[in-house]
Amino acid sequence: MGLKTVVLNSERMNYDGKLDLSVLSSEVKEYASTEQDQILERVQGMDVVVTKEMPVDGDTIARFPDSVQLICEAGTGYNNIDIEAARARGITVCNIPAYSTERVAHTAIMMILNLSSSMQIQQAMLARGDRSNFTKCMQVSHVEVNGKVLGIVGAGNIGREVIKVAQALGMKVLAYVRTPRADEDNLKYVSFEELLKQSDYISLHCPLTPQTRHMINKETIAMMKPTAYIINTGRGALIDEPALIEALKEGRIAGAGLDVQETEPPVQDNPLYDMPNVILTPHMGWKGLETRQRLVSILAANIQAFDEGRPQNVVS
């Protein structure tokens, strides 16, 4: 029958203009950005609503026109959409799982390798004209990752990809998941507390839920080794950011690699921007061109499948 689709904040995924969103359905209306008070006006007469990490609350969904049948989150996480409100209105919600698995996993590995070599400090030294790493013995910490313990929190698609690469690098891997699993070759499942205590690097790959919000906090940081690093390519609010900043300043952990932050972008005076033991990146894990093209392809397939009466990747 052909569906009318509205994309409410296309600039989040098509910031460079290299994506063709016209492939999503027979009729596509695209807005670069949408304020909360503009949502209801822009979804009028539309069958499909597409958002990317944009809050759509229950009160707004309750007032959606009857034409709206499907909400597509153009990403993996869908905590920005009130699923219960959508269900109450009979609106299907789908997401885009696994489109960025390799790219996000490689971002986590990149963080681990760079932190192990103090690469951010080395580059900062060069930027200010300090070449002492070349003219003297190495002036910064530089350690191997092989033989080190990597703790993976959440062993889904991305977590499993990180495990695969880490094992190829010769790392020992521990994993924590909500549902107990049997150990595998070179992979041991442990409690969250044991993972915190034993790991040299801790990488977060779980969804943001009320149970996981601020799972890294003052108390859990206290369980970590003072030489440990925390890596977050999942959701910023998995970490209590003020608690992390305090621990980093006081040397209670060695450092952090953060592709996601509790507030994105971080406010201008956020100490994380300037901390020498932190690598801070702008939620870049999913932003590679090939990754975003894959996202659009899966998004179009979701809409087509729904139109044909066989919805896929449904989260509602």
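Residues numbered from 1 in each chain as written. Predicted model: local features only at pLDDT ≥ 70, side-chain atom pairs only at ≥ 80, totals over all residues. Heavy atoms only, no water.

A short note on the domain arrangement of the protein chain
Let me state the cut-off plainly: Domain start and stop positions are those given by an automatic or database domain assignment. Throughout, a contact is declared for two residues whenever any of their heavy atoms are within 4.5 Å. Definition used for salt bridges: Asp or Glu carboxyl oxygen within 4 Å of a side-chain nitrogen of Lys or Arg.
As far as domains go, the protein chain holds domain 1 (4–99 + 288–308) and domain 2 (100–280). Spacing between the C-alpha centres of domain 1 and domain 2 amounts to 31 Å. With 5 residues of domain 1 at the contact, the number on the domain 2 side is 6 residues. Taken together, the links from domain 1 to domain 2 amount to 0 salt bridges.

So, the packing of aromatic side chains
The criterion, for reference: Put simply, two rings from Phe, Tyr or Trp (the six-membered ring, in Trp's case) pair if the centres are within 6.5 Å, and we call them stacked under 30 degrees between planes, edge-to-face over 60, tilted for the rest. In this text, helices come from DSSP runs of H or I with a minimum length of four residues, and strands from runs of E with a minimum of two, each type numbered from the N-terminal end. Note on classification: 1.4 Å probe, protein chains only; a residue is buried when its accessible area is under 20% of the maximum for its type, exposed when over 50%, partly exposed between these limits. Cation placement over rings: the criterion is NZ of Lys or CZ of Arg within 6 Å of the ring centroid and within 35° of the ring normal.
Taken as a whole and judged by the stated rule, the model has 2 aromatic pairs. Seen from their ring centres, Tyr176 and Phe192 are 5.4 Å apart, and the 40° between their planes marks the pair as tilted. Highlighted residues: Tyr176 in strand β7 (residues 172–176) and Phe192 in helix α8 (residues 192–198), separated in sequence by 16 residues. Owing to a relative accessible area of 25%, Tyr176 belongs among the partly exposed residues under this scheme. You can call Phe192 buried: its relative accessible area is 16%. For the ring pair Tyr201 and Tyr229, a centre distance of 5.4 Å and an interplane angle of 15° mean the geometry is stacked. On the criterion of sequence distance, the pair formed by Tyr201 in strand β9 (residues 201–204) and Tyr229 in strand β10 (residues 229–232) is long-range, its members being 28 residues apart. Lying across the ring of Tyr31, Arg42 places its NZ or CZ 4.0 Å from the centre. When the ring centre of Trp286 is taken as origin, the NZ or CZ atom of Lys52, which lies over that ring, is 4.0 Å away.

Quick notes on the layout of surface pockets
In this approach, a probe sized like a water molecule rolls over the atoms, and the result shows the empty space that is left. What counts is decided by this rule: Here a cavity is any set of points on a 1 Å grid over the protein atoms alone where a 1.4 Å probe fits but cannot get out, and a pocket is any open set with protein on both sides within 12 Å along at least 5 of 7 lines; a residue lines the site when it has an atom within 4 Å of a point. Grid points are joined across faces, edges and corners, and a volume is the space filled by probe spheres set on the points. Residue classes follow a fixed rule: Ala, Val, Leu, Ile, Met, Phe, Trp, Tyr, Cys and Pro count as nonpolar, while Asp, Glu, Lys and Arg count as charged, and any other residue, Gly among them, counts as polar.
Reported here for the largest pocket is a volume of approximately 1100 Å³. Breaking the lining of the largest pocket down by element, the ones donating at least two residues are α4 (101–116) and α7 (157–168). Considering each element in turn, the lining of the largest pocket owes the most residues, 3 residues, to α7. When its residues are assigned to classes, the lining of the largest pocket shows 17 nonpolar, 20 polar and 6 charged. Among the domains, domain 1 (4–99 + 288–308) and domain 2 (100–280) are the pair contributing at least three residues each to the lining of the largest pocket. By volume, the second largest pocket is sized at about 650 Å³. Class assignment of the residues belonging to the lining of the second largest pocket gives a composition of 10 nonpolar, 9 polar and 8 charged. Lining the lining of the second largest pocket are residues from two domains, each supplying at least three of them: domain 1 (4–99 + 288–308) and domain 2 (100–280).

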